[in-house]
Amino acid sequence: MVSASDFPILSRTVNGKRLVYLDNAATTQKPQVVIDAMNRYYTNSNANVHRAVHTLAGEATDGYEACRTSLKSWFNADRLVLTSGTTEAINLVAHGWGRANLKQGDAIVLTEMEHHSDIVPWQMLSKERGVELRYVPVLEDMTLDMEAFEASLPGAKLVCVVHTSNVLGVRNPVERIIEQAHASGARVLLDAAQGAPHTRIDVTDMDVDFLAVSAHKMLGPTGIGCLTVKEDAFAEMAPFMGGGDMIDQVTVEGSTYQENEHKFEAGTPRIAEAIGWKAAMDYLEQVDLEVEHHRLLNIARWTAEALRGLGCTVYGRHDDLDSAVVSFLHPSLHAEDMAHLLDAQGFAVRTGHHCAQPLLHRLGISSTVRASFYLYNTMEEAEGLVEALGHVLERFGGSA
Amino acid sequence: MISEALQEVIEELADIEDRMERFEFIFDLAEEVLDLPVEAWTDENRVKGCQSQAHLEIRLDNGVVHLRGGADARLVQGLMGLLALGMHGQPLDVAQAMTVDHIKEAGVLNSLTPSRSNGVRTMFDMITSVLEAMNHGE
Ligand SMILES: Cc1ncc(COP(=O)(O)O)c(C=O)c1O
């Protein structure tokens with residue numbers, strides 16, 4: 001069981017009120033064990049990795065590689081490249097796999113539900129290589145149009161889908177998507193920035209080729225994430241960033257590269273962040289994510305219902321596998337005003353387009369207010385949010 | 001020297017301690033800016049980088065600044081009102097005496113860095129650069 005007291009930041013006040021942090025889909029707070037692990041590394045073991053024989057270098061290397069080992073086991077992955085986050089992981093697929101395997105006339109299937117991080121790299125590649133991009137529409141019920149998805153598969157070499165939407169919390173039918181994509185000869189990249197924090201993902205069981213994750217959305221530090229890669233897809237990838245750590249031999253005539261994941265980790269890596277992430281994974285190992293998922297989904301369902309009761313429109317459906325995200329709008333108060341007024345009462349929520357403009361465009365809106373719950377959040381906090389919002393609407397929601 | 005109207009509002013704000021009351025006060029300032037009707041919202045007068053829709057028209061007439069503004073968020077409209085109090089109908093030198101720090105004194109924004117997406121900073125920079133350009137153009 002997670003205790004809010006494990007997270008030092010949660011005891012601070014904001015604008016004179018106790019902080020209620022409900023912007024977890026943007027980033028989560030860090031437990032003391034993560035902060036301590038990073039402090040300990042800089043206090044005791046700081047050194048560069050993979051390069052020297054001295055004791056500190058050994059400790060740093062072990063700490064860095066222990067993160068990879070822990071994540072590989074968590075995700076049951078063949079290969080796991082440490083990146084700066086989901087965005088870099090997706091860009092790594094675009095540069096490392098896409099450039100080596102896609103040519104003019106090939107197609108990539110995306111969806112309207114994607115975060116900009118899973119759109120822009122493909123637009124860039126499309127411009128460079130003449131690769132066609134096909135977008136699967138989002139239906140009225142806020143799910144992917146699976147018929148359109150199937151129809152988009154012929155000729156596609158890669159399918160890029162968000163596992164769980166950061167705006168709607170909708171968890172996509174990724175098993176079916178993977179099966180159909182593979183049957184038609186396309187590889188699959190899942191953007192699991194939102195999925196990974198809420199559910200245990202087994203990439204081997206799911207048979208997914210690439211999975212992109214950010215540590216900071218699952219209690220870990222910012223600046224680190226990973227890409228899991230299936231062995232045969234790994235063999236098809238070429239390095240795109242050159243430098244130290246990724247080479248085997250360098251001569252003035254040319255270089256040969258490392259064979260393992262280091263090939264894609266050029267330069268001094270994020271050592272403290274890896275050590276912090278490992279500590280976060282150890283913490284998560286102690287949590288029953290399935291139990292927590294149900295608890296948080298219940299809170300989200302209750303909140304959605306209560307907000308509807310206040311006259312809000314809620315965007316999302318909160319099905320059994322969806323994440324605890326509640327996106328909403330009220331007809332008489334702009335999203336941005338609402339967020340400022342909630343902040344004045346200690347509630348941290350997000351507003352804006354959530355880096356998913358195509359999705360919002362499809363929904364016919366330009367922003368939402370989003371409350372997203374994570375392990376340390378409670379029903380009382382949700383009740384507090386609804387009460388605060390009720391006050392805000394009473395006082396400021398007069399004229400539309 | 002900033003305008004008297006702006007000076008007065010800043011003094012009034014200084015007496016408000018409750019954050020919600022500050023918001024109420026700023027929201028009410030929305031009335032202080034001449035309305036730029038939606039029909040007049042163009043890409044040229046759009047405040048870029050603003051999360052909400054915001055448009056500002058800035059003119060210089062015989063050395064006097066004219067502002068019209070419109071926004072869908074009331075906070076943004078209120079802050080436009082604050083800008084209008086400091087600048088609208090004022091000679092250039094008075095208008096230019098207003099700085100981002102005067103917006104800070106409203107005490108409702110947590111950040112006024114250029115990249116902060118509420119765009120109030122952008123709004124301010126937009127006015128000052130337009131005024132600057134007009135000044136040099138004359
Ligand atoms: C669905 C989704 N994809 C990608 C990202 C990008 O993650 P990062 O900024 O950590 O690279 C996010 C984060 O907001 C996200 O929610």
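That block above? That's the structure.
In this report, the structure presented in the accompanying data block is examined. A quick note: this is a predicted structure, and the numbers were derived from the prediction, not measured.

1. A short note on the sheet that holds strand 4 (residues 79-83) of chain A
All names here are of chain A. Spatial strand order, 4-10-9-8-7-5-6: seven strands in an open sheet with mixed pairing. Unpaired on one side and paired on the other, strand 4 and strand 6 (132-136) mark the two borders of the sheet. The average angle at which neighbouring strand axes cross in this sheet is 20°, direction not considered. Pairing analysis gives five bridges linking strand 7 (residues 156-162) to strand 8 (residues 187-191), with the strands arranged parallel. The residue of strand 8 that forms the bridge with Leu158 is Arg187. In the packing of helix 4 (residues 120-129) onto the sheet, the strands contacted are strand 5 (107-111), strand 6, strand 7 and strand 8, and the crossing angle to strand 6 comes to about 150°.

2. Here's the deal with the environment of Leu153 of chain A
All names here are of chain A. Turning to its location among the elements, Leu153 is positioned in the loop between helix 5 (146-152) and strand 7. Accessibility expressed as a relative area gives 4% for Leu153, which makes it buried. For Leu153 and Ala183, which are 30 residues apart along the polypeptide, the C-alpha to C-alpha distance reads 9.5 Å.

3. Regarding the interface of chain B and chain A
Facing the 19 residues of chain B at the interface are 19 residues of chain A. Roughly 1600 Å² is buried in total at the junction of chain B and chain A, and carbon and sulfur atoms are behind 52% of that figure. Per-residue buried area on chain B facing chain A is highest for Met20, Gln51 and Arg74 of chain B; these three make up 39% of the total on that side. Taken together, the connections running from chain B to chain A amount to two salt bridges. For Asp343 of chain A, the salt bridge identified is with Arg19 of chain B, shortest N-O distance 3.7 Å. Mapped by element, the contributors of at least two residues to the side of chain B that touches chain A are helix 2 (19-28) and helix 3 (74-87) of chain B. No other element matches helix 2 of chain B, which puts six residues into the side of chain B that touches chain A. Looking at the side of chain B that touches chain A residue by residue, the class counts come to eight nonpolar, four polar and seven charged.

4. A few points about the environment of Leu71 of chain A
Residues and elements named next belong to chain A. In this structure, Leu71 sits in helix 2 (residues 55-75). A residue is classified by how much of its surface remains accessible, and Leu71, at 0% relative accessible area, is buried. A sequence separation of 282 residues divides Leu71 from His353, and the C-alpha atoms of the two residues are 31 Å apart. Apart from the residues within four sequence positions on either side, Leu71 is in contact with Asn76, Leu80, Leu82, Trp277 and Met281.

Cut-offs used in this document
- Residues numbered from 1 in each chain as written.
- Chains lettered and ligands numbered in written order.
- Predicted model: local features only at pLDDT ≥ 70, side-chain atom pairs only at ≥ 80, totals over all residues.
- Heavy atoms only, no water.
- Pairing = 2+ DSSP bridges.
- Helix = DSSP H or I, 4+ residues; strand = E, 2+ residues; numbered from the N terminus.
- Axes fitted to C-alpha atoms, helices over the stretch in contact; angles between N-to-C directions.
- Contact = heavy atoms within 4.5 Å.
- Buried < 20%, exposed > 50% of the residue type's maximum accessible area, 1.4 Å probe, protein only.
- Buried area = accessible area lost by both parts, 1.4 Å probe.
- Salt bridge = Lys/Arg side-chain N within 4 Å of Asp/Glu carboxyl O.
- Nonpolar A, V, L, I, M, F, W, Y, C, P; charged D, E, K, R; others polar.

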